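Topology and contacts: notes
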Amino acid sequence: MTNLTDLGVADIRDGVAAGTFSARDVATAFNAAVEQGRALNAWLVETPDHALVAADAADAARASGDLKPLSGVPLGIKDLFCTKGVETTAASGMLKGFVPPYESTVSGKLLNAGAGMLGKLNMDQFAMGSSNETSAFGNVVSPWKRNDGGNAALAPGGSSGGSSAAVSARMAPGATGTDTGGSIRQPAAFTGISGIKPTYGRCSRWGTIAFASSLDQAGPMARDVRDCAILLEAMSGFDAKDATSLDLPVPAWEKGLSADLKGKRVGVPKEYRVDGMPPEIEALWQQGIAYMKDAGAEIVEVSLPHTKYALPTYYIIAPAEASSNLARYDGVRYGLRDLPDGANLQEMYAATRADGFGAEVKRRIMVGTYVLSAGFYDAYFTKAQKVRALIVRDFEHAFTQCDVLLTPTAPSAAFGLGEKSDDPLAMYLNDVFTVPSSLAGLPAMSVPGGLDTQGLPLGLQIIGRALDEQGVLNAGLAIEERAGFTARPGQWW
Amino acid sequence: MTDSPYRIQGATGEWEVVIGLEVHAQITSQSKLFSGAATAFGAEPNSQVSLVDAAMPGMLPVPNGECIRQAVRTGLALDAQINRWSRFDRKNYFYADLPQGYQISQLYHPLVGEGSLLIEPEDAAPKTIGIERIHVEQDAGKLMHDQHPTRSYVDLNRSGVALMEIVSRPDMRSPAEAGAYVKKLRSILRYVGSCDGNMEQGSMRADVNVSVRKPGGELGTRTETKNVNSVRFVMAAIEHEAKRQVAVIEDGGTIIQETRLFDPDKGVTRSMRSKEDAHDYRYFPDPDLLPLELDEAFLADALASLPELPDAKRARYEGELGLSAYNADVLTADVETARWFEAMLAEGAPAKAGANWLISELFGALNRLGKTIGESPVSPRQAAELVALVGDGTLSGSLAKQVFELMLETGQDAGVIVEERGLKQTSDTGAIEAEIARVIAANPDKVADYKGGKDKLFGFFVGQTMRAMGGKANPGVVNDLLKKALE
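Residues numbered from 1 in each chain as written. Chains lettered and ligands numbered in written order. Predicted model: local features only at pLDDT ≥ 70, side-chain atom pairs only at ≥ 80, totals over all residues. Heavy atoms only, no water.

Focus: the overall build of chain A
A tally of regular secondary structure across chain A gives 15 helices and eleven strands. Rg of the C-alpha trace for chain A: 21 Å, near the compact-globule value of 23 Å for 493 residues, within the 12% margin. Oriented by its inertia axes, the alpha-carbon framework of chain A measures out at about 65 × 50 × 50 Å. Considering only contacts in chain A between residues 6 or more positions apart, those separated by 24 or more positions represent 77%. Element-wise, carbon and sulfur atoms account for 53% of the exposed surface of chain A, whose accessible area totals about 16,500 Å². Computed over 43 positive and 53 negative side-chain charges, the separation of the two mean positions in chain A equals 3 Å. (Helix = DSSP H or I, 4+ residues; strand = E, 2+ residues; numbered from the N terminus. Rg over C-alpha atoms; globule rule 2.2 N^0.38 Å. Contact = heavy atoms within 4.5 Å. Areas by Shrake-Rupley, 256 points an atom, 1.4 Å probe, with all protein chains shown as cover. Lys, Arg positive; Asp, Glu negative; His and termini not counted. Charge placed at Lys NZ, Arg CZ, Asp CG, Glu CD.)

This is the structure we're talking about:
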């Protein structure tokens, strides 16, 4: 019999529907994989019973002919999504023990579509980080190892590193991620899986703990493009509780999948050829271009002239919004309260926030507070907003010449844990290719493109026009079919 | 614009006071500005708090269209520019009554721009006060320090309630002008129905900006006295603050720009915090909210929904109804009064007589009873009937007073009281002449005095006759017959 944990979302859905196996068998197999994979520290909370209850409901639904789109599919939920009755911490000590009395719109949609929950996935604290090392509950370890015979522990990427590790290590067929500046795409690239950040506004932000409101978008992470399309369909849709939610119907992305790119133009932005980019990344990019041509697309070189300002712009806007969004964690109503003897209100705030937030979170709150301060606001925040508008215009112009853009997802393969944790700027550089499309609110996905010489996965990024998730998914599918990426980490855990 | 003559007499001469007001008015709405929680006053603490109001993780604000509509209607009533495009900003600061750690407000692009308000202070010329802007924002919760010896409690019922901040230009020059401004603004808000104007419940309060200068000179440094919650206190705070500033300057000191509080018990203002330790609020556009864009249909609906406003109504009362300026003013100052009066007219009461009766009789009675016009025990229909009974001669003025008292006591209609108690005025000359004859016969000395030139005794004979008639005689008939009898 097939190893059930090798199956993806579509396989499980179809197998349960066909009666090839029961949803309970699937949930049981993944629950066991979760338990067996604890060395990866990918899960903050395990919810095997939740997965089983949903599985039994799926099996009953099959018997009565009431199957839902995700019946029988167990998923991992990033700990940024509030889950009713299940501890939700955003991997921060600030929210340790916080059990939301409500379900986020996105996780609620998945559960309503029949999915079960295997547990809550570890992540960078408040989604701030690119390596998972900022989690208050220990970093996630990537299931991947270099082929150099060494045993160096690698970063699973971040902030959705629990999600990438869980999917890559076959502990879940799919998972939710969130992406503010690359937090779905970079970890997907680091672990050889697929992940898509949809157009800003496709997925409701309601009930998802905020990092930077104008950038945060939920999206799926899964083994392949089809699975991403299925999950994204279930996660998307208008939500009156989020004022920035797009009031548009959700397209049938899975049905619309096609790897035939005839008549499509694929743009290659010259500014993404950054200094010091490893030759392997350049080679991967060229390989991706060849795949696109093979799929029938025309390749055009395009220019996104403000690309080099994207990273500094992002690291002004995101911390500015974060500094305000995280002000609610003050010890007054929920979460951590540190009240030293005789402390007054100000002292309680100071003690609580000093204890509750990790170093990276504090760094970004400080940066954000600074750029919003009187006397600095115009020089930093206002300027950054203007540059953001220019970056949006860059993309608009490029999309008059092409239908999608092809770039590498990250400037390197997964790095070792601890290699960059002392150098925030080096860490921030990881987002160099993912941040511009975040600032522009565009759909973008990462698909595995191949392995580097150390045997580590590398990802290719496709960026599409606003609302053209279909174009992005189709280009991703064209790469997937040609790359034939089947590598997976050897099970050492 | 005429400068009012209000001056502070200092040791170095006269000082002029410059006043601007920021009025915070709670928008009348069923639910809060960005959440579905209720807004009723006086509910149990923390019983009207949504997940959004408590700033739970992942919660998002969604604008309440009704609050926006009410603020737009208010702007239209103040002849103000309505901005088709406006935006919400976050004002960041930490306090236990502010769950989000920021207040959602509008600093950079307010909903309403420049407008104006005509005030008519007592004993001074009318004056137009400029409105600089109106923006909408969230209220904070409330801290309660009296519940526990060492702890403070937080009530979030008000957290997220919609406020309009109506900012005037520094156009006022006396406490009387400021008082007239607050009264007129409250009157308009009540007409529009966008705020109930209850200052004692905190649904309207004023931040008072005051500076002093030599008449016509350079503007002085201003102070801001926060949260003053009655017209009287606004006037008292200005008077005290202006005198304090003059004293400081004349003693060689300088005024520091600071926030002050008014102590209503002592009638003084006190320093709260100075600019040096003022917050840096780090305003920036709220990324959870899209800009507010208003279309023409929305604005047209808002405009069409406006009622006749006090100035227009007063002009109509004078022009069309022929009321005196005083009566028109009194009847239109408060929307409840105007509504009551118009309900009387709709029940057939003649305008002039109805206005006089309402202002003298009804107001007098309500005053005695300590009730508002909304709580009047007599309805406009009953009032109209009473006025009509005077108009057709059924009741004399004094009989009408008696009947009105009985109406207040019993709640019965005037006609019923007149019938049941036989209080109808009589013009039966035979009966009246008979009583007059008896009065004259019983008072021969007074008759002699009257005929000897003591004209004032005529009133005595009227009174005696009316009393003998049980108050029901038509006073005009009594007068005529008495004159004849005493000739």
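Here we look at the domain arrangement of chain B
Residue and element names in this part refer to chain B. Domain annotation of chain B identifies domain 1 (8–301), domain 2 (308–421) and domain 3 (429–486). Of note, the centres of domain 1 and domain 2, computed from C-alpha atoms alone, are 36 Å apart. In this complex, domain 1 contributes nine residues to the contact, which on the side of domain 2 involves twelve residues. If you sort the residues of domain 1 by the area they bury against domain 2, Glu120, Arg190 and Tyr191 come out on top, with a joint share of 65%. (Domains from an automatic or database assignment. Buried area = accessible area lost by both parts, 1.4 Å probe.)

Remarks on helix H3 (residues 231–250) of chain B
All names here are of chain B. Here H3 is 20 residues long and its end C-alpha atoms lie 29 Å apart, about the 28 Å a rise of 1.5 Å per residue gives. Within the span of H3, buried status applies to Val231, Phe233, Val234, Ala237, Ile238, Glu241, Ala242, Gln245 and Val246. Backbone geometry just downstream of H3 places Gly252 in the positive-phi region, at approximately 90°. (Expected span 1.5 Å × (residues − 1). Buried < 20%, exposed > 50% of the residue type's maximum accessible area, 1.4 Å probe, protein only.)

Remarks on the pairing of strand E11 (residues 204–213) of chain B
All names here are of chain B. The element E11 is extensively covered by neighbouring structure, given that ten of its ten residues are classed as buried. Of the two faces of E11, the one carrying Met204, Ala206, Val208, Val210 and Val212 and the one carrying Arg205, Asp207, Asn209, Ser211 and Arg213 are both buried. Across ten bridges, the pairing between strand E2 (residues 13–26) and E11 is antiparallel. Residue Val17 lies in a different strand from E11, and its bridge partner there is Val212. Of the pairings in the sheet, the one linking E11 to strand E12 (residues 223–228) comprises four bridges and is antiparallel in character. Counted as the bridge partner of Asn209 is Glu224 from E12. (Pairing = 2+ DSSP bridges.)

Remarks on the interface of chain B and chain A
Between chain B and chain A, the contact holds 31 residues from the first and 40 residues from the second. Both faces considered, chain B and chain A share a buried interface measuring about 2,800 Å² in area, 61% of it formed by carbon and sulfur atoms. On the chain B side of the interface with chain A, the three residues burying the most area are Pro57(B), Phe94(B) and Arg282(B), jointly 23% of the side's total. One can count one salt bridge joining chain B with chain A. Between Asp288(B) and Arg205(A) there is a salt bridge; the shortest N-O distance is 2.9 Å. For the pair chain B and chain A, the number of links is 16 residue pairs in polar contact (both at pLDDT 80 or more). Those elements that provide at least two residues to the side of chain B that touches chain A are strand E4 (89–92) and strand E15 (284–285) of chain B. Broken down by class, the residue content of the side of chain B that touches chain A amounts to 23 nonpolar, four polar and four charged. (Salt bridge = Lys/Arg side-chain N within 4 Å of Asp/Glu carboxyl O. Polar contact = N/O pair within 3.5 Å; in protein donor to acceptor, adjacent residues only side chain to side chain. Nonpolar A, V, L, I, M, F, W, Y, C, P; charged D, E, K, R; others polar.)

Observations regarding the nonpolar core
In terms of nonpolar packing, the biggest core is built from 163 residues, with Leu70(A), Phe126(A), Phe395(A) and Ile462(A) touching the most fellow members. Among the elements that line this core, the one with the most residues is helix H9 (residues 310–325) of chain A, at nine residues. Among all residues touching Leu70(A), those that are not within four sequence positions of it are Val9(A), Leu110(A), Ala113(A), Gly114(A), Ala115(A), Ile230(A), Leu231(A) and Ala234(A). Counting residues in hydrophobic clusters, the runner-up holds 64 residues, among them Leu33(B), Val72(B), Val228(B) and Ala242(B). (Core = buried A, V, L, I, M, F, W, Y, C linked by side-chain atoms within 4.5 Å.)

Brief notes about the packing of aromatic side chains
Summed over all chains, the structure comprises 28 aromatic pairs over all chains. Considering the side-chain rings of Tyr272(A) and Phe433(A), the 5.6 Å spacing of their centres and the 15° angle between planes classify their relative orientation as stacked. Here Phe433(A) lies in the loop between helix H13 (424–428) and helix H14 (435–440) and Tyr272(A) lies in the loop between strand E7 (265–269) and helix H8 (279–294), a separation of 161 residues in the sequence. Phe433(A) matches Tyr272(A) in its accessibility class, with the two residues each being buried. In this structure an aromatic cluster arises from ring pairing among Phe98(A), Phe126(A), Tyr329(A), Tyr334(A) and Phe357(A). The side chain of Lys145(A) reaches across the aromatic face of Trp492(A), ending 4.2 Å from its centre. Between Lys446(B) and the ring centre of Phe460(B), over which it is positioned, the NZ or CZ distance is 4.8 Å. (Phe/Tyr/Trp six-rings, centres within 6.5 Å; stacked < 30°, edge-to-face > 60°. Lys NZ or Arg CZ within 6 Å of the ring centre and 35° of its normal.)

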